[in-house]
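Topology and contacts: notes
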Amino acid sequence: MATNQLLPLLLLALVAGSHADSIAVYWGQNGNEGTLADTCSSGLYAYVILAFLTTFGNGQTPVLNLAGHCDPSAGTCTSLSSDIQSCQSQGVKVFLSLGGAVGSYSLSSAEDAQSVANYLWDNFLGGSSSSRPLGDAVLDGIDFDIEATNGDFFDDLAKDLAQFSSQGKKVYLTAAPQCPYPDAHLNTALQTGIFDYVWIQFYNNPSCQYSSGSIDDFIREWNTWISRVTATSFFLGLPASPAAAGSGYIPPYELVCRVLPAIKGPKYGGIMLWNRYYDVINNYSATVKSIVCTASHT
Ligand SMILES: *[C@@H]1O[C@H](CO)[C@@H](O)[C@H](O)[C@H]1NC(C)=O
C-alpha cells in the first residue's frame, strides 16, 4: 500500500483510539454511591481515592470522614479492608485523600509534618497501630487535596511520606490542585517534583477550565502545568455530571473527541472525576470509554 493510502488509515486509528485512558475517581463523600468493592469491580477505574481525612496536623487528633459509608469513631470503617484488598487484587490502586474543601487541617512545623507522616504510615500504610481506621489493608498512597491553609510544610509531608517507600511497598503521592497555576495551597508540595499523579481540578475555575467557546486558554494552562511541575503524569480533573460542580462539566463526546486530543502527549495520564456518586447517576465513565470519534463529528 502506498504511503498516501496509509496516512488516512493511520489518522483514523489515532482518532478512534482517543478514549480517556486511565480514570481516577473520588469515593467516600456520598453514602448513596455504592460500595467501594462495586466501584472497583465496575472495571471503569484505575485509581480510587478515598475522601477525606478532614482533620489532621497542628496537634489535632486526625478524623476520617466517609460520609454515610461508615463511622470511623465507632470502628465500622474497618469493614472496608476487604473491599480495599479486592480493589487491589483487580489492579485498582486505592489512595487516601487528605483535606478537601471542608476540614480542619494545617501543618505547624517540619516536626508536625513528620508526625502526620508517621500517623499515616502507621494507620493507613505499611506501619502498624492498634487503631487502624480502615483495618489491615495497606493503601497504595496518599492524595493531597489541600484547599485550605497556606500550604506550609506540605512539602515536608510529601518528602516524609516518600521516605517510607524505602521500607518495601512504594507509597504513591498524588495531588489535586486547582487549575490556576500556581496553586495557592499545593505549590510548595508540588515543587518537590516527587508526586506520581497530579489530577488538576479544571472545574469551579472559569479562568482556566475548558469552555466550548475557547479551548485556547485551557490548553495554555494545561501546558503550563505539565512544563512547570515535575510528575509522572497529569490528569484532567472534571465533574462527572453537571450537578457535581458549579462549572466545568464537559459532555462525553466533546471530551473524548475535542478536548482530550488537544492535550494528549507523553505527560497525559487520563481523567480524574469528582465523584463516584455523580458518575453512577450520569454513566459518565462508561459513556466516555465507549465513544469512538468519527471524522464527521470532530
Ligand atoms: C452506560 O453506558 C454504557 C456505554 O455506552 C452502556 O453500555 C450502558 O448500558 C450504560 N448504562 C446505563 C445504566 O445507562
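Our subject is the structure listed above.
These numbers come from a predicted model, not from an experiment.

Right, let's talk about the layout of surface pockets for a bit. The volume enclosed by the largest pocket comes to roughly 240 Å³. Every element with two or more residues in the lining of the largest pocket is listed here: strand S2 (47-56), strand S4 (93-100) and strand S10 (268-274). For the lining of the largest pocket, the per-class residue count stands at ten nonpolar, seven polar and two charged. Taken as a whole, the second largest pocket encloses approximately 190 Å³ of empty space. Along the walls of the second largest pocket sit 13 residues, with Pro 62, Leu 64, Pro 72, Ser 73 and Pro 133 positioned nearest its centre. Tallied by class, the residues present in the lining of the second largest pocket amount to seven nonpolar, five polar and one charged.

All right, on to unusual backbone geometry then. Look at the link from Tyr 181 to Pro 182: it is a cis peptide, with omega at -5°. Mapping Pro 182 onto the fold places it in the loop between strand S7 (172-175) and helix H6 (187-190). Backbone torsion omega between Trp 274 and Asn 275 reads -10°, so that peptide bond is classified as cis. Relative to the assigned elements, Asn 275 resides in the loop between S10 and helix H9 (276-282). Of note, Asn 58 is a non-glycine position whose phi angle comes to about 55°, a positive value. Relative to the elements of secondary structure, Asn 58 occurs in the loop between S2 and strand S3 (63-64). Phi is positive for Ala 67, close to 45°, though the residue is something other than glycine. Considering the arrangement of structural elements, one finds Ala 67 in the loop between S3 and helix H3 (80-89).

For strand S9 (residues 231-239), the buried fraction is high: eight of the nine residues fall into the buried class. Handedness of the strand S8 (residues 195-201)-helix H7 (residues 216-228)-S9 crossover: right-handed. Sheet analysis places S9 next to S10, joined by six bridges and oriented parallel. When the bridges of S10 are listed, Pro 239 appears paired with Trp 274. Considered for its hand, the β-α-β crossover made up of S9, helix H8 (residues 252-263) and S10 is right-handed.

Looking now at the site of the ligand. Around the ligand, the neighbouring residues are Asn 283, Ala 286, Thr 287 and Ser 290. In the environment of the ligand, an oxygen atom lies 2.3 Å from a nitrogen or oxygen atom belonging to the side chain of Asn 283. In the environment of the ligand, an oxygen atom lies 3.3 Å from a nitrogen or oxygen atom belonging to the side chain of Ser 290. Notes on the ligand: free accessible area 360 Å², of which the protein chains cover 31%. Its residues assigned to classes, the shell around the ligand comprises one nonpolar, three polar and no charged.

On to the state of the cysteines, then. A covalent bond between the sulfur atoms of two cysteines is referred to as a disulfide. Within the structure shown, the criterion is met by four disulfides. The residue that forms a disulfide with Cys 40 is Cys 87, at a sulfur-sulfur distance of 2.0 Å. The sign of the S-S torsion, about 90°, decides the handedness of the disulfide formed by Cys 40 and Cys 87: right-handed. In this pair, Cys 40 sits in helix H2 (residues 36-41) while Cys 87 sits in helix H3, placing the two residues 47 residues apart along the sequence. Two residues share a disulfide in this structure: Cys 70 and Cys 77, whose sulfurs sit 2.0 Å from each other. Between Cys 70 and Cys 77, the S-S dihedral sits near 100°, and the bridge is therefore right-handed. Like Cys 70, the residue Cys 77 is buried in the burial classification. Sequence-ordered numbering of the bonded cysteines in the protein gives a pairing of 1-4, 2-3, 5-6, 7-8.

About the cut-offs
Numbers given for residues are sequential positions, taken from 1 along each chain in its written order. Owing to the predicted nature of the model, reporting of local features is limited to residues with pLDDT of at least 70; listing and counting of side-chain atom pairs is limited to 80 or more, with chain, interface and lining totals taken over all residues. Values reported for side chains reflect all heavy atoms of the structure, with hydrogen atoms and water molecules removed beforehand. Of the grid points, spaced at 1 Å and generated over the protein atoms alone, those admitting a 1.4 Å probe that cannot get out make up cavities, while open sets with protein on both sides within 12 Å along at least five of seven lines make up pockets; any residue with an atom within 4 Å of a point is treated as lining. Grid points are joined across faces, edges and corners, and a volume is the space filled by probe spheres set on the points. Numbering of helices and strands runs from the N terminus; a helix is a DSSP stretch of H or I covering at least four residues, while a strand is a stretch of E covering at least two. The residue classification treats Ala, Val, Leu, Ile, Met, Phe, Trp, Tyr, Cys and Pro as nonpolar and Asp, Glu, Lys and Arg as charged. All others, Gly included, are polar. Note on exposure labels: buried denotes an accessible area under 20% of the residue type's maximum, exposed denotes more than 50%, and partly exposed covers the range between, all computed with a 1.4 Å probe on protein chains only. Handedness of a crossover is defined as follows: with both strands directed away from the viewer, a clockwise route from the first strand across the helix to the second makes it right-handed. By this definition, two strands are paired if DSSP reports at least two bridges between them. Throughout this document, a residue counts as near a molecule or strand when at least one of its heavy atoms sits within 4 Å of that molecule or strand. Counted as a polar contact is a pair of N or O atoms within 3.5 Å, where, for protein atoms, one must be capable of donating a hydrogen and the other of accepting one, and residues adjacent in sequence contribute only when both atoms are in side chains. For accessible areas, the Shrake-Rupley method is used with a probe of radius 1.4 Å. Any residue's cover is judged against the shown protein chains and nothing else. Put simply, a disulfide is two cysteine sulfurs that come within 2.5 Å.

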